[in-house]
Amino acid sequence: MPLRFLTAGESHGPALTVIVEGLPADIAIDRAVIDRDLRRRMGGHGRGGRMKIENDRVEILGGVRFGRSLGSPISLLIRNLDFENWAEAMSPEGERPDDEQARVVTRPRPGHADLAGSLKYGTHDARDILERASARETAARTAAGSLARCFLTAAGIEVTSHTVSVGDGVAASLSDGDFDRLLAMPDDAPMRCLDESATAAMIAAVEAARNDKDSVGGVFEVLARGVPPGLGSHAQWDRRLSARLGGAMMSIQAVKAASIGDGVEGGSRRGSLHHDPILYDPDERRFYRPTNRAGGIEGGITNGEMIRVRGFLKPLSTLPRPLPSVDLIDKQAFDAVQERTDTIPIVAAGVVGEAMVCLVLADALLEKVGGDSLTETLRNLNAYRDALSSY
Ligand SMILES: Cc1cc2nc3c(=O)[nH]c(=O)nc-3n(C[C@H](O)[C@H](O)[C@H](O)COP(=O)(O)O)c2cc1C
């Protein structure tokens, strides 16, 4: 993998950090681009109280000089403003205080990492687990994805997302021109959906779930435009771009299924109605498709059409009206713990999905054309594009 990254940090610890290694030198790194993505991740209808406390901003600690990447590892930090309310319970140093001050959790939530993680790591305080399992971690991933976005932008690749459904509110299919409308959509749009009546139905589904002290699931889609044909490979299972995008999507907390293009619908369609005919434009000297049910990938390789990847978000597991659970210490039946929670973070999940798609595409682009500096990468990419047009 030419591009790799690691995040660290707990939900209520002092900060989140991420190190991104492998981006070429001389990419314009604009802190405002990262902060904008961080702000977008905090928004959307269905978020809970935590995001009212945080005001995520990135601090760049290494790998960038005078606004340009150096080619060395880039180190980013995002402080948790809520840490001041958790300084005792989440202190990295000192003796463990009593259980109340440590905000011990012994009643695991069905559907969260609490029980499985406590058994695995041998703790009877599920806070040791949930603090890292929490999707607060995705703030660091979003920041890493913004760096990849800065690189992709220079290579002419754009990435955006929209909400496909929440509960029984389902958006109409996108049509030509919708990508630009999504790019132009205000960052504070409540559902990041172009379909107004579906947006109203989604908001109603959130409100109904919230009033019932429940959560609700949803689906988001990430789109990438300008991706050249030939990223990924059919030659080995772990080089297939569909697998890499699917894995990246499934790595997002609460995403329980992923699909490429019309992958789910294809499971019940005839082939003649599913595959995209191949056409050729002699003026532009390129192959193209009148439809894009394949979602821009065939045989694990990009085919030059728009990439379409969906993530299916399960209903969140922290329920204001908790499900039955069993205490980790005395094994008695209780209702699960109640932590502060979102009803559905669907817009945020789409932004995190964008970040993961940016990271996978940046990695696949570097694998294809390489380059230690942006100039070298773009020279190689342009030579490859030229070769395609004389194919
Ligand atoms: C942006 C985002 C925000 C989330 N917020 C919450 C939340 O407030 N409450 C909750 O129970 N789960 C939330 N989750 C999901 C949990 O982090 C996730 O369900 C949990 O870590 C268990 O992992 P799993 O669902 O992938 O098995 C969120 C997920 C995302 C992507």
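Because the structure is predicted, anything quoted here is derived from the model rather than measured.

So, on to the packing of aromatic side chains. Within the structure shown, the criterion is met by two aromatic pairs. When the ring of Phe287 is compared with that of Tyr391, the centres are 6.0 Å apart and the planes differ by 70 degrees; the resulting orientation is edge-to-face. In this pair, Phe287 sits in strand 12 (residues 286-288) while Tyr391 sits in the segment after helix 12 (374-389), placing the two residues 104 residues apart along the sequence. On the accessibility criterion, Phe287 (47% relative accessible area) is partly exposed.

Before going further, it helps to spend a moment on the packing of helix 5 (residues 138-154) against helix 11 (residues 346-369). Relative orientation of the contacting elements helix 5 and helix 11 amounts to 45 degrees, with a least axis distance of 8 Å. Relative to helix 11, the element helix 5 is oriented oblique. As helix 5 runs across helix 11, the sense of the crossing is left-handed. Here Thr138, Arg141, Thr142, Ala144, Gly145, Ala148, Arg149, Phe151 and Leu152 of helix 5 lie close against helix 11, whose contacting residues are Val351, Val352, Glu354, Ala355, Met356, Cys358, Leu359, Leu361, Ala362, Leu365 and Leu366.

With that out of the way, let us pick up the side chain of Asp82. As for its position among the elements, Asp82 is in the loop between strand 6 (74-79) and helix 3 (114-121). When residues no more than four places from it in sequence are discounted, the contact partners of Asp82 are His12, Arg50, Ile53, Glu54 and Arg340.

Before going further, it helps to spend a moment on empty space enclosed by the protein. Under the counting rule described, the total for this entry stands at one cavity of 30 Å³ or more. Along the walls of the largest cavity sit Arg40, Gly43, Gly44, Pro186, Asp187, Ala189, Arg192, Val347 and Val351, which together make up its complete lining. Tallied by class, the residues present in the lining of the largest cavity amount to four nonpolar, two polar and three charged.

With that out of the way, let us pick up the sheet that holds strand 9 (residues 218-225). Pairing in this open sheet of five strands is antiparallel, and the strands run 8-7-9-15-10 from one edge to the other. The open sheet terminates on both sides in strands that have one partner only, identified here as strand 8 (169-170) and strand 10 (255-260). Pairing between strand 10 and strand 15 (residues 307-313): five bridges, direction antiparallel. Bridged to Ile260 within strand 15 is Val309. The sheet strands contacting helix 11 are strand 7 (158-166), strand 9 and strand 15, and the helix crosses strand 7 at an angle near 145 degrees.

This part takes up the environment of Gly13. Here Gly13 shows up in the loop between strand 1 (4-8) and strand 2 (15-21). It is 7.5 Å that separates the C-alpha atoms of Gly13 and Trp86, two residues lying 73 residues apart in sequence. With near-sequence residues (within four places) excluded, Gly13 lies in contact with Asn80, Phe83, Met90 and Glu131.

A cluster of nonpolar side chains, Ile278, Tyr280, Phe287 and Tyr391, forms an exposed patch at the surface whose accessible area comes to about 510 Å². What makes Tyr391 exposed here is its relative accessible area of 73%.

A few words on the nonpolar core. Within the largest apolar cluster, 71 residues are counted, with the highest numbers of intra-cluster contacts made by Phe151, Leu152, Val159, Val166, Leu245, Leu361 and Leu365. Take this core: its biggest share by element is 15 residues, from helix 11. In this structure Val166 touches Met191, Met202, Ala205, Val206, Val216, Gly217, Gly218, Ile344 and Ile346, once residues within four positions along its chain are discounted. Listed in part, the five residues of the second largest apolar core include Phe179, Leu182, Met185 and Ala189.

Taken together, 17 residues form the shell around the ligand, and within it Ala254, Lys314, Thr318, Thr341 and Asp342 come nearest. Contact distances for the ligand include 2.7 Å between an oxygen atom and a side-chain N or O atom of Lys314. Between an oxygen atom of the ligand and a side-chain N or O atom of Thr318, the distance comes to 2.5 Å. In isolation the ligand exposes 630 Å². Once the protein is present, 87% of that is buried. When atom positions are compared with the pocket grids, the ligand is found to occupy the second largest pocket. Per-class residue counts for the shell around the ligand are seven nonpolar, six polar and four charged.

Quick look at the sheet that holds strand 3 (residues 58-62) now. The strand order across the open sheet formed by four strands is 1-2-6-3, and the pairing between neighbours is antiparallel. Of all the strands in the sheet, just strand 1 and strand 3 have a single pairing partner and so form its edges. When the angles between neighbouring strand axes are averaged without regard to direction, this sheet yields 20 degrees. Of the strands in this sheet, strand 3 and strand 6 are in contact with helix 1 (residues 31-42), which crosses strand 3 at around 135 degrees.

Approximately 990 Å³ is the volume found for the second largest pocket. Taken together, 47 residues form the lining of the second largest pocket, with His112, Ala133, Ser134, Ala135 and Arg136 sitting closest to its centre. If you list the elements that add at least two residues to the lining of the second largest pocket, you get helix 2 (50-53), helix 4 (127-133), helix 5 and helix 11. Among the elements that take part in the lining of the second largest pocket, helix 4 stands out by supplying four residues, more than any other. Across the lining of the second largest pocket, the residue classes tally to 18 nonpolar, 14 polar and 15 charged.

Tallying each qualifying case throughout the model produces 34 salt bridges. We note a salt bridge from Arg40 to Glu354, for which the minimum N-O separation is 2.7 Å. Taken as a pair, Arg40 in helix 1 and Glu354 in helix 11 lie far apart in primary sequence, 314 residues in all. A salt bridge links Arg107 to Asp327; its shortest N-O distance comes to 3.8 Å. Taken together, the residues span a long stretch of sequence, with Arg107 in the loop between strand 6 and helix 3 and Asp327 in the loop between strand 16 (324-326) and strand 17 (333-335) at a distance of 220 residues. The exposure class of Asp327 is buried, given its relative accessible area of 6%. Here the salt bridges do not stand alone but share partners, grouping Arg36, Asp37, Arg40, Arg149, Asp187 and Glu354 into one network.

Scoring rules and cut-offs
- Residues numbered from 1 in each chain as written.
- Predicted model: local features only at pLDDT ≥ 70, side-chain atom pairs only at ≥ 80, totals over all residues.
- Heavy atoms only, no water.
- Phe/Tyr/Trp six-rings, centres within 6.5 Å; stacked < 30°, edge-to-face > 60°.
- Helix = DSSP H or I, 4+ residues; strand = E, 2+ residues; numbered from the N terminus.
- Buried < 20%, exposed > 50% of the residue type's maximum accessible area, 1.4 Å probe, protein only.
- Axes fitted to C-alpha atoms, helices over the stretch in contact; angles between N-to-C directions.
- Parallel < 35°, antiparallel > 145°, perpendicular 65-115°, else oblique.
- Left-handed = near helix turned anticlockwise from the far one by under 90°.
- Contact = heavy atoms within 4.5 Å.
- 1 Å grid on protein atoms, 1.4 Å probe; cavity = no way out; pocket = protein on both sides within 12 Å on 5 of 7 lines; lining within 4 Å.
- Points joined across faces, edges and corners; volume = space filled by probe spheres on them.
- Nonpolar A, V, L, I, M, F, W, Y, C, P; charged D, E, K, R; others polar.
- Pairing = 2+ DSSP bridges.
- Patch = residues over 30% accessible without salt bridge, like charges linked within 9 Å, V, L, I, M, F, W, Y side chains within 5 Å.
- Areas by Shrake-Rupley, 256 points an atom, 1.4 Å probe, with all protein chains shown as cover.
- Salt bridge = Lys/Arg side-chain N within 4 Å of Asp/Glu carboxyl O.
- Core = buried A, V, L, I, M, F, W, Y, C linked by side-chain atoms within 4.5 Å.
- Near = heavy atom within 4 Å.
- Polar contact = N/O pair within 3.5 Å; in protein donor to acceptor, adjacent residues only side chain to side chain.
- Sits in = over half its atoms within 2 Å of the grid points.

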